[in-house]
Structures are given as C-alpha cells and as structure tokens.
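A look at the structure
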Amino acid sequence: MNDTVAGTQGYGADADALAEQYEGVTFEEVHGALLHLYPAPPARVLDLGAGTGRDAAALARLGHTVTAVEPTAELRGHGERLHADTALTWLDDALPDLPGLAASGERFDLILITAVWMHLDAAERARGMRTVAALLAPGATLAMTVRSGPVPPGRRMFDVPEPETLALAARAGLRLTHRGGRPDLHGRAGVHWSELVFTAP
C-alpha cells in the first residue's frame, strides 16, 4: 500500500531514520502508564500502524498472539528483519477501513492504535472508529495514543480534539476506562501525547 494510503506520506522515504527513532524507545516507556489495563497473556492482540514492530514484538514476547498491521512496506521490512526471532503475523492493511482484516472475521482482545489516529481526517476517523469497534471481541480493550503539536514537513497530520475521539468511541458502544497524557519521549518542542483506553461491551 505504501504512500498511496492516506497518512503514510513520507514514511517510506524516511523509513531508515524512523526505524532507528522507533526502536530508540522501549515498549515500556511508551505504554508504561497503560500496561495494567492490558489483558493478561495469552490474548489476541492487534497493533494498527505497527511501524517497525517494537510494541508488537514486546507483546508477543509476553505470550500474546499478535497481528502487526503496517501499510508502509519499508517499515514492515525493517520490522520483519529486526524482530525476525519473534512470532508475529505481519499484514499490509490500513485504516480507516482495514479491508483485509474486516473481511477475515477475526476479533481481538487488545487493539493498539499508537501514533496513527492523527493521520486520519475527520471523516476517516469516524469510519475508522466503526471499523475498529467491529474488530473488538466482547470485553476487549482499545488503547489509543494520539499526537498533538507541530506537523513535520512532508507529513499528513491533523489536530484531533480529544472530545471528538471520546464521542466517536461512545457512539461505537465503547466505555472510557482511562484518560491521560504524556510528554514526547523524543523531546520534540510542542509535541504532546493523549492516552485513551476504552473497553468493548
């Protein structure tokens, strides 16, 4: 899919530098405040926009069965190389509609959407929330980490109002279980991250 997918512009060309950046922080650093909300292994986990597979691989090592979805072929390639020793299922698919996954009928106990949501415009976010909600198993967890701040050159990003995300999730039948935030782990000026966790009925 690569750069033909909305939101992936520039990621293929910058994949080498991005792989170094992504792998330069740990899963625990990114998800530390949320880990107690994630299901115990073994669970079926979906990492949407998995990048180089840092989080997916960490979850697989904990004993989960993990599907890593990444539409940028270059990032997927780095992930397959860097985490070749980890049992991951890689998939070329993309929000907002995830046609491959949606057709599979699979359901997941935990879905991660980390540093992805701000690449979708308002209409895509509305479609995307419906798509994601349909992939959640009963009682499953959806964890979202959403970037706000200056848009890097060559990227497609949008300001995502937190109340909009809460409303979309509520409309999809999801219950908010955690609302927080953290500063940028790379120290980029003006960049902040919202952390939202929801539970399916």
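How each quantity is defined
- Residues numbered from 1 in each chain as written.
- Predicted model: local features only at pLDDT ≥ 70, side-chain atom pairs only at ≥ 80, totals over all residues.
- Heavy atoms only, no water.
- Buried < 20%, exposed > 50% of the residue type's maximum accessible area, 1.4 Å probe, protein only.
- Helix = DSSP H or I, 4+ residues; strand = E, 2+ residues; numbered from the N terminus.
- Pairing = 2+ DSSP bridges.
- Right-handed = clockwise from strand over helix to strand, strands pointing away.

If you check an unreviewed UniProt entry, the chain appears there as SAM-dependent methyltransferase from Streptomyces crystallinus.

1. As for the pairing of strand β2 (residues 65-69)
Within β2, 4 of the 5 residues are buried, which leaves the element mostly enclosed by the surrounding structure. Sheet topology places strand β1 (residues 44-48) next to β2; 5 bridges connect them, and they run parallel. Paired with V45 across the strands is V66, a residue of β2. Viewed along the sheet, the connection from β1 through helix α3 (residues 54-61) into β2 turns out right-handed. Taken together, the 4 bridges between β2 and strand β3 (residues 88-91) define a ladder with parallel strand orientation. Paired with V66 across the bridge in β3 is L88. Between β2 and its parallel partner β3, the chain crosses via helix α4 (residues 73-82), and the hand of that crossover is right-handed.

2. Some details on α3
Of all 8 residues making up α3, 7 are buried, and the element is well covered by its neighbours. Within α3, burial applies to R54, D55, A56, A57, A58, L59 and A60. Phi turns positive one or two residues past the end of α3, at G63, with a value near 110 degrees.

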